[in-house]
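# Examining the three-dimensional arrangement
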Amino acid sequence: MLECIIMAIIAYCIGSINFSVIISKKMAGFDVREKGSGNAGSTNMLRSVGKKAAALTLVCDILKGVVAIIISMIIGNFVKEANKELLLQIAGIAVVIGHTFPIFFGFKGGKGVATSLRNFVNEQLENRINMSSICFTINGINKNCIIRILCSSNTIPSINAIHQ
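Attention here is on the structure that accompanies the text. Everything numeric here is computed off the predicted structure, so don't read it as measured data. Residue positions are given per chain, counted from 1 along the sequence in the order it is written. Selection of residues for local features in this predicted model requires a pLDDT of at least 70, selection of side-chain atom pairs for listing and counting requires 80 or more, and totals for whole chains, interfaces and linings are taken over all residues. The side-chain figures draw on all heavy atoms in the structure; neither hydrogens nor water molecules are used.

## A few points about the overall build of the chain
For the record, the criterion: The helix count covers DSSP runs of H or I at least four residues long, the strand count covers runs of E at least two residues long, and both are numbered beginning at the N terminus. Burial here depends on accessible area, computed with a 1.4 Å probe over protein chains only, as a share of the maximum for the residue type. Under 20% is buried, over 50% is exposed, and the range in between is partly exposed. Any two residues whose heavy atoms approach within 4.5 Å are treated as being in contact. Exposure was quantified through the Shrake-Rupley algorithm and a 1.4 Å probe, taking into account, for residues, occlusion by the shown protein chains and nothing else.
The helix and strand inventory of the chain stands at eight helices and zero strands. Its helices and strands taken in sequence order, the chain reads α-α-α-α-α-α-α-α from the N to the C terminus. Looking at the chain as a whole, 46% of its 164 residues qualify as buried. The long-range share in the chain, meaning contacts at least 24 apart out of those at least 6 apart in sequence, stands at 58%. Of the roughly 8,800 Å² of accessible surface on the chain, a fraction of 68% belongs to carbon and sulfur atoms.

This is the structure we're talking about:
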């Protein structure tokens with residue numbers, strides 16, 4: 001159980017590193033959250049700073065999820081009695097929460113789409129189909145693409161974590 005708490009804290013801290021703010025300040029001299037849509041994400045980076053900054057932000061945001069998963073695998077291998085699948089799910093969820101509500105940037109982060117991408121890619125085909133079903137169902141309720149992606153990419157890992 002302690003390994004799950006440690007993993008959640010590590011993944012949250014990794015997610016809290018807001019590359020769009022760091023890159024926009026370095027490359028353009030301003031906080032991207034003060035321009036365009038006010039969001040700290042790749043799309044606003046593209047509009048406010050440019051293609052190179054947006055691409056770099058996108059890659060770094062995806063890598064946050066990958067790094068969190070690698071660390072969860074290391075912890076799972078190091079702690080013999082650890083539930084490896086649960087650690088993976090905790091890492092995936094906590095890194096997105098950290099990205100969306102970063103402690104290092106006043107809890108104002110991105111939407112978590114790029115970071116959630118890791119959750120979708122890592123899932124089994126059956127879960128991907130379920131995620132897509134959730135996405136299409138939510139589409140009937142809410143036309144906002146971001147809401148659909150976030151709900152669908154985080155619902156299945158959450159359900160899997162509960163069932164462990």
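## Brief notes about the packing of helix 1 (residues 2-15) against helix 4 (residues 51-78)
Rule in force here: Axis definition: a line fit to C-alpha positions, over the contact stretch in the case of helices; interaxial angles, taken between N-to-C directions, run 0 to 180 degrees. Under this scheme an angle from 65 to 115 degrees is roughly perpendicular, one under 35 degrees roughly parallel, and one over 145 degrees roughly antiparallel; angles in between are oblique. What makes a crossing left-handed is the near helix being turned counterclockwise from the far one by less than a right angle; a clockwise turn instead makes it right-handed. Under this grouping Gly is polar, as are all residues other than the nonpolar Ala, Val, Leu, Ile, Met, Phe, Trp, Tyr, Cys and Pro and the charged Asp, Glu, Lys and Arg.
Running from N to C, helix 1 and helix 4 point in directions that differ by 160 degrees, and their axes come no closer than 9 Å. Viewed along their axes, helix 1 and helix 4 adopt a mutual orientation that is roughly antiparallel. Crossing handedness for the pair helix 1 and helix 4: right-handed. Contacts from Glu3, Met7, Ile10, Ala11, Ile14 and Gly15 in helix 1 reach Lys64, Val67, Ala68, Ile71, Ser72 and Ile75 in helix 4. Taken together, the residues of the contact of helix 1 with helix 4 break down into eight nonpolar, two polar and two charged.

## Some remarks on helix 2 (residues 19-27)
Every buried residue belonging to helix 2 is among Ser20, Val21, Ile23 and Ser24, and all of these are buried. If you follow the buried residues of helix 2, they end up packed against helix 3 (42-48) and helix 4. The first or second residue beyond helix 2 is glycine 29, which carries a positive phi of 80 degrees.

## Focus on the nonpolar core
Selection rule: Here, the term nonpolar core denotes a set of buried Ala, Val, Leu, Ile, Met, Phe, Trp, Tyr and Cys residues that are joined through side-chain atoms within 4.5 Å.
Ranked by internal contacts, the top residues of the largest apolar core, which has 17 residues, are Met7, Ala11, Ala68, Leu87, Ala91 and Val95. Elements that contribute at least two residues to this core include exactly helix 1, helix 4 and helix 5 (84-100). Contact partners of alanine 11, with chain neighbours within four places excluded, come to Ala68, Ala91, Ala94 and Val95. Among the nonpolar cores identified, the runner-up in size contains eight residues, and Ala40, Ala53, Ala54 and Phe105 belong to it.

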